[in-house]
Amino acid sequence: MTQNIDDLAARPPAERELAEARRILACIVESSDDAIISTTLDGVITSWNRSAGRIFGYAAEEMIGRPVSLLYLPDHRSEIEILERIRRGERVDHYETVRRHKNGQVVFVSLTVSPILDEAGQVIGSSKIARDITETKRLREQEQLAQAESRAERRFRKLLEAAPDAILEVDADGRIVLLNEQAEKMFGYSREELLGFNVEMLVPAAMRSGHASHRAAYTSDPQTRPMGTGLELKAQRKDRTLFPVEISLSPNRTEDGLRVIALVRDISERKQSENRLLAVRELFTAELAAKNEQLESRNREVEKANRLKSEFLASMSHELRTPLHTILGFSELLTEEVEGPLNPKQKRFLGHILQDSRHLLDLINEVLDLSKIESGRLELQLEPFDFASCIEEVVSAIRQQSETKSIRLENRNTFRGLLNADRLRVKEVLYNLLSNAIKFTPEEGHVWVESLAQNDFLQVAVCDTGIGIPPEEHEAVFEKFYQVGDTTRGVREGTGLGLSITKSLIELHGGTIWLESQPAQGSRFSFTLPLAKP
Amino acid sequence: MKRILIVEDKATSRELLRTVLEKQGYGVLEAHDGKEALRILREGVPDLVLLDLQIPLHNGYEVLREIRRDDRLAAVPVVALTASAMQGDREKALAAGFTGYIAKPVAMAHIRDEVNRLLAAK
């Protein structure tokens, strides 16, 4: 609101002072670098200074009488709150917000809004001073960014230097552009000796040419991966010594091109431990092999000794049987009185000779059997056969022995089925047990055999009313050369091999044999044999 | 009269066999080893041969082969006598072509029976 200056001279002095005061105020307002805008309580613009025009792009004529909301951004709500506070008579200081320039650009402003009061003190409008802080803001943000970057940089540096492994960054030409302290220590160079130099200086001389081509290959297809998996990688120190390393690579795409970050770990110690372990293991393996060799040769010796022993026994028994052949033969001939009659005494003497010769033959056969069993060469001729007839044969064969001692011999077997076993050996077992029973039962005693079929086995028992065997000897009776001793008052016969052979024969069939007995209460020898499968 | 050739190195054993066989009414020829046996066999064919396998330096199986090679002797029963009692010996002998197998020592009755049986079959 300006008046023509020429008119001023014509006015009365009081009016001239007022006009002058107004003009000064107007100059001050116009001189401000900040936008100064006044509005009504409803937000209609009542004054607009030159800086407002500069900052917001509108001329005074365009804005006076228009709503100040023209400057707002489409969804700005907080302005309403400011007006509310003004209405209440409050002031808003340095409120940072955004406005819109006439050309649509965003302007950042710092607002100071005060109420305009009339003489009565009522709020009749608002006065806004807006400082354009766009530039300031931008600078401030830049500075913050720079600070953050520099902080990040410092942290990165710290991490880099704190890493226990050497970290190197290499550019596309193979020059080292970044390294950490560990790299200096590991390779023995100072930073200056490494930065800008080709990374191949750290590769053992012999591998250098290969390395360069590997680098090229990597650059063409860079992936995060360990280098040369499974290869024995080596690096070279400043003093030309080599040391084993593990290296992993990562590509790093920067504005300056493709960089490769290499993590290098010195595995000298680990290699040493590995080598020590390997050495120990080899030593151990060698010792083990030597021990095994020893064991095997000893085994062979033992086997050889066993074999020789068995062969010896076998040939000895043949040798022993041969003379018996003639002893028995001639004795039998004599007994048959082929060359003339014999008197009773002669017959009896011959009887003794025959009996003991047969006995001798039995013993030799037992020894032979034993040697066969021991050397594992006893083969069973398994076949299904009728058990009842087998047992009947044995009982008949042994009946004479029982009759000599007036012992009642009974066959209580009721099993009519088939066994799957070596018939000859089963007869041997029965014969052995029955003759033992008769041997160890006093005159007028009782010996019987009975059986019971159970699942897949036939359980057979040979029982007697004889002298019995004390419990502490029940296991020992089945051992080789064991003879029921002093308790039997000198009833010693045989080699003591019979029961041991019997046990072996039963067990070869997959059966078991055991004894129940008490002194003076008789004995019960039980064994099992497999039934023939139907 | 049927004739039996005994091939046995021990004199006592020969005497034993001879006594038993002569009592049975057989004629007995004696040889103390394979060589003598073959000599006797060249001079005449017996009705039965009892061949001891345990004569030293004498392989009973070879003697048997020699005997079988001779056409005249191919049908003569040859019984192996042995004190060996190893498993499989019997089968081995029979497989080699022996007509019978007797393990020593043997009851005279058994020899008698076996010889009678083999000669009766002829």
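On to the overall build of chain A. Along chain A, the regular secondary structure elements total 14 helices and 18 strands. Here chain A holds 534 residues, and the buried ones make up 22% of them. Long-range contacts, defined as pairs at least 24 residues apart, comprise 54% of the intrachain contacts of chain A with a sequence gap of at least 6.

Broken down by element type, chain B carries five helices and five strands. Listed by position from the N terminus, the elements making up chain B come as β-α-β-α-β-α-β-α-β-α. Residue burial in chain B is summarised as follows: out of 122 residues, 33% are buried. Across chain B, the fraction of contacts at a sequence separation of at least 24, relative to all contacts at a separation of at least 6, is 59%.

At the interface, 16 residues of chain A touch 16 residues of chain B. Of all the elements in the fold, those that place two or more residues in the side of chain A that touches chain B are helix H10 (268-335) and helix H11 (344-374) of chain A. Sorting elements by how many residues they give to the side of chain A that touches chain B places H10 of chain A first, with twelve residues.

Below, the discussion takes up the sheet that holds strand E5 (residues 123-132) of chain A. Residues and elements named next belong to chain A. Reading across the sheet, the five strands line up as E2-E1-E5-E4-E3 and stay open at both edges, with antiparallel pairing between neighbours. Only two strands of the sheet have a single partner each, and these edge strands are strand E2 (45-48) and strand E3 (92-100). When strand polarity is set aside, the average angle formed by the axes of neighbouring strands in this sheet is 30°. Across six bridges, the pairing between strand E1 (residues 35-40) and E5 is antiparallel. If you follow Thr-39 over to E5, its bridge partner there is Ser-126.

Residues and elements named next belong to chain B. The pairing of strand E1 (residues 3-7) with strand E2 (residues 27-31) spans five bridges and is classified as parallel. When the bridges of E2 are listed, Leu-5 appears paired with Leu-29. Tracing the backbone out of E1, into helix H1 (residues 11-23) and back to the parallel element E2 gives a crossover that is right-handed.

Here we come to helix H13 (residues 423-439) of chain A. Here H13 of chain A spans 24 Å end to end across 17 residues, near enough to the 24 Å set by a 1.5 Å rise per residue. At its buried positions, H13 of chain A is contacted by helix H12 (387-404), strand E14 (418-421), strand E15 (446-454), strand E16 (457-464), helix H14 (498-508) and strand E18 (523-530) of chain A.

Turning to unusual backbone geometry, a few remarks are in order. Both trends apply: most residues other than glycine have a negative phi, and most peptide bonds are in trans. All names here are of chain A. Positive phi outside glycine occurs at His-94, with the angle close to 45°. Mapping His-94 onto the fold places it in strand E3. Look at Asn-455: it is not a glycine, yet its phi comes out positive at around 50°. One can find Asn-455 in the loop between E15 and E16.

Take the confidence of the model for chain A next. Considering every residue of chain A, the mean pLDDT works out to 86; 94% of them sit at 70 or more. Confidence drops under a pLDDT of 50 for residues 486-492 of chain A, and excluding neighbours within four residues, the segment shows seven contacts in the predicted structure.

Quick look at the sheet that holds strand E4 (residues 78-82) of chain B now. All names here are of chain B. An order of E2-E1-E3-E4-E5 is seen for the five strands of this open sheet, with the pairing classed as parallel. This sheet does not close on itself; its edge strands, each paired only once, are E2 and strand E5 (100-103). When strand polarity is set aside, the average angle formed by the axes of neighbouring strands in this sheet is 20°. The sheet contact formed by E4 and E5 spans four bridges and is parallel. In the sheet register, Leu-81 faces E5, and the bridge partner there is Ile-102.

By the secondary structure assignment, Val-260 of chain A is in strand E11 (residues 257-266). Each C-alpha atom of the pair Val-260 of chain A and Thr-219 of chain A lies 8.0 Å from the other, and the pair is 41 residues apart in sequence.

To continue, consider the packing of H10 of chain A against H1 of chain B. In a pair of packed helices, the angle between the axes and the distance between the axes together describe the arrangement. The interhelical angle for the contact between H10 of chain A and H1 of chain B, taken along N-to-C directions, is 30°, at an axis separation of 10 Å. Comparing the axis directions of H10 of chain A and H1 of chain B gives the class roughly parallel. Handedness of the crossing formed by H10 of chain A with H1 of chain B: left-handed. Contact residues: His-325, Thr-326, Gly-329, Phe-330 and Leu-333 of chain A in H10 of chain A; Thr-12, Ser-13, Leu-16, Thr-19 and Val-20 of chain B in H1 of chain B.

With that out of the way, let us pick up the pairing of E4 of chain B. Residues and elements named next belong to chain B. When you tally the buried positions in E4, you get five out of five residues, the bulk of the element. Because side chains alternate across E4, one face comprises the buried residues Val-78, Ala-80 and Thr-82, and the other comprises Val-79 and Leu-81, equally buried. Bridge count between strand E3 (residues 48-52) and E4: four bridges; the pairing is parallel. By the bridge assignment for E4, Val-49 is matched with Val-78. In this region the chain leaves E3, passes through helix H3 (residues 60-69) and returns to the parallel neighbour E4; the handedness of that crossover is right-handed.

We now examine the environment of Gly-53 of chain A. Along the chain, Gly-53 of chain A falls in helix H3 (residues 50-56). With residues near it in sequence (within four places) discarded, Gly-53 of chain A still touches Trp-48, Tyr-58, Ala-59 and Ala-60 of chain A.

Cut-offs used in this document
- Residues numbered from 1 in each chain as written.
- Chains lettered and ligands numbered in written order.
- Predicted model: local features only at pLDDT ≥ 70, side-chain atom pairs only at ≥ 80, totals over all residues.
- Helix = DSSP H or I, 4+ residues; strand = E, 2+ residues; numbered from the N terminus.
- Buried ≥ 20, exposed ≤ 12 C-beta atoms within 10 Å, placed from the backbone.
- Contact = placed C-beta atoms within 7 Å.
- Pairing = 2+ DSSP bridges.
- Axes fitted to C-alpha atoms, helices over the stretch in contact; angles between N-to-C directions.
- Right-handed = clockwise from strand over helix to strand, strands pointing away.
- Expected span 1.5 Å × (residues − 1).
- pLDDT = per-residue confidence, 0-100.
- Parallel < 35°, antiparallel > 145°, perpendicular 65-115°, else oblique.
- Left-handed = near helix turned anticlockwise from the far one by under 90°.

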